[in-house]
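Residues per chain are reported as follows:
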Amino acid sequence: MAFSQNMSDAPRPCSFLNRPLSRQTVAGFTAPSLRRKGLWFRLRKILLCVLGLYVAIPFLIKLCPGIQAKLIFLNFVRVPYFIDLKKPQDQGLNHTCNYYLQPEEDVTIGVWHTVPAVWWKDAQGKDQMWYEDALATSHPIILYLHGNAGTRGGDHRVELYKVLSSLGYHVVTFDYRGWGDSVGTPSERGMTYDALHVFDWIKARSGDNPVYIWGHSLGTGVATNLVRRLCERETPPDALILESPFTNIREEAKSHPFSVIYRYFPGFDWFFLDPITSSGIKFANDENVKHISCSLLILHAEDDPVVPFQLGRKLYNIAAPSRSFRDFKVQFIPFHSDLGYRHKYIYKSPELPRILREFLGKSEPGRQH
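Residues numbered from 1 in each chain as written. Predicted model: local features only at pLDDT ≥ 70, side-chain atom pairs only at ≥ 80, totals over all residues. Heavy atoms only, no water.

If you check an unreviewed UniProt entry, the protein chain appears there as Lysophosphatidylserine lipase ABHD12 from Felis catus. The UniProt entry for the protein chain carries the following comment under Sequence similarities (unreviewed entry): "Belongs to the serine esterase family." Under Subcellular location (unreviewed entry), UniProt gives the following word-for-word description of the protein chain: "Endoplasmic reticulum membrane". (UniProt positions renumbered as here; feature names shortened; annotations may be inferred.)

Here's what the structure looks like:
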């Protein structure tokens, strides 16, 4: 009978239906394809986060202009780290005295005074009074105004002090309020007032010695603010030196390498530049030079990646024909890109002593191009 047929002769189900599916074939995907899908998902998630951050930053800066001000000043970046600004000798400045001045109530600024190198031995162990009295001797004085970030003890700044000291100059430099060990809140007005206070402090002790003002990078904005004010009150310095200057802070911010990724962002000026202005930050070198009446020397490296060379050249082209300079020298010195001086290494130039000697050593007027 049919039902007595050997069960072994009964048809068997397909064997592949009884075999458990491997993880390699789940949902019809192989393991490599699953890994690729997971990788793409993570990559897409990262890209969306980056895009969201990219779009959010302009709105954040617009809503909080103080962020842009901090990015301009960078006073919170203190390099080199772990140096004691009370001990300039630790930076190789054994003929330098550190002291503190108070431009305003609740504001204290740290100052370094380096005497000419020829007085190196005489300066050993001397106190602040000796250094102050030394300003009245027959050596010219340079008031150095540094740029953003770092302190008066920055490596390239210290190297410049050494060069200037070896050439026979007193070098007086300081940290603006909010920089280094100076106390106060940074602002363009405050920085300019600090510089004015130090200048007046020098003039009260220097007798008839020439006093020159040297500004670097952001310090050129402080320098032209200061010198314009000094000229308006008819107490100009003997000369103004601008190293790596810009025209105004808006043009510099637009040209800065940090702005590259947003330069073509819709509303760039409204998002990024207007908050700078609303924070009271202008550093209008291009306007200030029209009101300055003293000799002007501009130094700029062609390969400067921070302040484009063309901004320094543009500033010179504004200053040179200005009526305020008709009785004074105006000179622009470019440094070829092959020299590699970039933004802060012009002090390395073997030509610098000659340039300063020829420019500062002559008192007769006459514009040089």
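Next comes the rest of the write-up.
Visitor: Summarise the pattern of salt bridges; cite the residues concerned and give the values.
Guide: This model, assessed by the stated rule, comprises 15 salt bridges. E104 is the salt-bridge partner of R189, the closest N and O atoms lying 3.4 Å from each other. Residue R189 is found in helix α6 (residues 188-203), and its partner E104 is found in strand β1 (residues 96-104); the two are separated by 85 residues along the sequence. The partly exposed category is assigned to E104, whose relative accessible area is 25%. Close ionic contact of K162 with E159 constitutes a salt bridge, the shortest N to O distance being 3.6 Å. A residue pair is termed a helical-turn pair when its members lie 3 or 4 positions apart in one helix, as K162 and E159 do in helix α5 (residues 155-166) at three residues. (Salt bridge = Lys/Arg side-chain N within 4 Å of Asp/Glu carboxyl O. Helix = DSSP H or I, 4+ residues; strand = E, 2+ residues; numbered from the N terminus. Buried < 20%, exposed > 50% of the residue type's maximum accessible area, 1.4 Å probe, protein only.)

Visitor: Give me the lowdown on the nonpolar core, citing residues and values where you can.
Guide: Formed by 68 residues in total, the largest nonpolar core has its most connected members in F73, L143, L145, F174, I213, L240 and F283. Not counting residues up to four positions away in its chain, the partners in contact with F174 are I109, G110, V111, L143, Y144, L145, H146, R152, D194, A195 and V198. (Core = buried A, V, L, I, M, F, W, Y, C linked by side-chain atoms within 4.5 Å. Contact = heavy atoms within 4.5 Å.)

Visitor: Before we move on, could you go through the sheet that holds strand β4 (residues 170-174) and cite the residues and values that matter?
Guide: A sheet is described by the order of its strands in space; here eight strands give the open sequence β1-β2-β4-β3-β5-β6-β7-β8, paired in mixed fashion. Each edge of the open sheet carries a strand with a single partner, namely β1 and β8 (330-335). In this sheet, neighbouring strand axes are inclined to one another by 20 degrees on average, regardless of whether the strands run parallel or antiparallel. The sheet contacts of helix α7 (residues 218-232) involve β3 (141-145), β5 (211-216) and β6 (239-243), and relative to β5 the element is tilted by about 145 degrees. Helix α12 (residues 352-360) contacts β5, β6, β7 (295-301) and β8 of the sheet and is inclined by roughly 160 degrees relative to β7. (Pairing = 2+ DSSP bridges. Axes fitted to C-alpha atoms, helices over the stretch in contact; angles between N-to-C directions.)

Visitor: Residue-level account of α7, with values.
Guide: Taking 1.5 Å of rise per residue, 15 residues should cover 21 Å, and α7 covers 22 Å from first to last C-alpha, within 8% of that figure. Of all 15 residues in α7, 12 are buried; the element is thus mostly enclosed. Along α7, the residues classified as buried are L218, G219, T220, G221, V222, A223, T224, N225, L226, V227, L230 and C231. Where α7 ends, the next residue or the one after it, E234, has phi of about 65 degrees, a positive value. (Expected span 1.5 Å × (residues − 1).)

Visitor: Go over helix α3 (residues 65-73) with me, naming the residues and quoting the values.
Guide: Taken together, the buried positions of α3 are Q68, A69, I72 and F73. Down the axis, α3 shows its buried residues gathered within 130 degrees of arc, on one side only. Just past α3, the residue L74 takes up positive phi, approximately 50 degrees. (Arc of directions from axis to C-beta.)

Visitor: I'd like a rundown of the pairing of β3, residues and numbers included.
Guide: With five of five residues buried, β3 lies mostly within the body of the structure. Both β3 and β4 contribute to a ladder of four bridges, which runs parallel. Counted as the bridge partner of Y144 is T173 from β4. The handedness of the β3 to β4 crossover, carried by α5, is right-handed. (Right-handed = clockwise from strand over helix to strand, strands pointing away.)

Visitor: Outline unusual backbone geometry, listing residues and values.
Guide: Here the residue pair V79 and P80 is connected by a cis peptide bond, since its omega of -5 degrees sits within 30 degrees of zero. Despite not being glycine, D106 has its phi angle at roughly 70 degrees, a positive value. Note that D106 resides in the loop between β1 and β2 (107-114). D106 sits in the exposed class, given a relative accessible area of 59%. You will see that S244, though not glycine, has its phi angle at about 55 degrees, which is positive. In this structure, S244 sits in the loop between β6 and α8 (249-255).

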